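Listed below are the residues making up each chain.
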Amino acid sequence: VLSMQDISITLGGRKILNSVSLDVERGELKVLIGPSGGGKSTFLQCMNLLVTPDSGCVSIEGKCIDPHDKKSLCRLRQDVGMIFQDFNLFDHLTAVKNVAIALQRVKGMSRDKAQERAMHELGRVGLTDKADLYPAHLSGGQKQRVAIARALATNPKVLLCDEATSALDPATTESILGLIKDINQRLGITAVIITHEMSIIEKICSHVAIISHGKIAETGPVEEVFFHPHNEEARQLVIPEAMQ
């Protein structure tokens, strides 16, 4: 459903990604892991062209997207939703209006239809009773659920999660990652996540890609990579966790 081919990026004179390629199959729940500074967040943000690569191609369902064509870029960002670490909610809008605003601005829905759809999406993430609350009155986990509802509202084919649980406590982290797995299985939405919660990866993810020094060090099913890594970089990263 999503393909990254020969993606290279240099920032501040440093090569962040060096001709990286990765395919994301429909229905996968894939996790990107790797050491800090290895390029995983930059690579994830390339998947919906929030970061434009110096070279390479981002393809959705076989179609290479021109990052300079506003129409195709808009289409890509509807098909590839994003959930951020810091929620990115509008403080002056209620939960339901935070979800509805994208439907009005991007999809051109009327206010009433957007509100109705937003309530449906809040119901999916268990927040119907919080619809009229402002972000200041929501917990961190509830804010992230609003952000997930907002991302789901455009009917994306792929959901990207850029360290979406790093600001949350362990119990809330497990709850949010469990919700993402449920969305993946129940709605059939492909998901790509970055998380440092290695103990949870085995529970929720089907496939893993390890990024180190701007390259894909290893990729494959979680059980295979965690218990039978093929190279030293992967071995150092996953074996201590797999043995717990």
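Figured I'd write up the structure that's included with this text. Quick caveat, the model's predicted, so the values are computed rather than measured.

1. With respect to the sheet that holds strand β5 (residues 63-64)
- Overall, antiparallel pairing links the 4 strands, which are arranged β2-β1-β4-β5 in an open sheet. On the outer flanks of this sheet lie β2 (14-24) and β5, each paired with one strand and no other.
- As paired strands, strand β4 (residues 55-60) and β5 are joined by 2 bridges and run antiparallel to one another. Bridged to I60 within β5 is K63.

2. Observations regarding the pattern of salt bridges
- Tallied over the entire structure, the rule returns 8 salt bridges.
- E121 serves as the salt-bridge partner of R124, at 3.1 Å between the closest nitrogen and oxygen. In this pair, R124 and E121 both sit in helix α4 (residues 111-124), 3 residues apart, roughly one turn of the helix.
- Given the relative accessible area of 26%, R124 is considered partly exposed.
- In this structure E121 comes out as buried when scored by relative accessible area, which is 0%.
- As a salt-bridge pair, E174 and K203 come within 3.2 Å of each other at their nearest N and O atoms. In this pair, E174 sits in helix α6 (residues 170-187) while K203 sits in helix α7 (residues 198-204), placing the two residues 29 residues apart along the sequence.
- Residue classification places E174 among the partly exposed residues on the basis of a relative accessible area of 39%.
- Through salt bridges that share partners, R75, D79 and K157 make up one connected network.

3. A look at the nonpolar core
- One finds I33, L122, I148 and I193 to be the most contacted residues of the largest nonpolar core, which totals 50 residues.
- Among the elements that take part in this core, helix α5 (residues 140-152) stands out by supplying 6 residues, more than any other.
- With residues up to four places along the chain from it excluded, the contact list for I148 reads I83, V125, I176, L179, I180 and I183.
- With 30 residues, the next largest nonpolar core counts I9, L17, V80 and A209 among its residues.

Cut-offs applied
- Residues numbered from 1 in each chain as written.
- Predicted model: local features only at pLDDT ≥ 70, side-chain atom pairs only at ≥ 80, totals over all residues.
- Heavy atoms only, no water.
- Pairing = 2+ DSSP bridges.
- Helix = DSSP H or I, 4+ residues; strand = E, 2+ residues; numbered from the N terminus.
- Salt bridge = Lys/Arg side-chain N within 4 Å of Asp/Glu carboxyl O.
- Buried < 20%, exposed > 50% of the residue type's maximum accessible area, 1.4 Å probe, protein only.
- Core = buried A, V, L, I, M, F, W, Y, C linked by side-chain atoms within 4.5 Å.
- Contact = heavy atoms within 4.5 Å.

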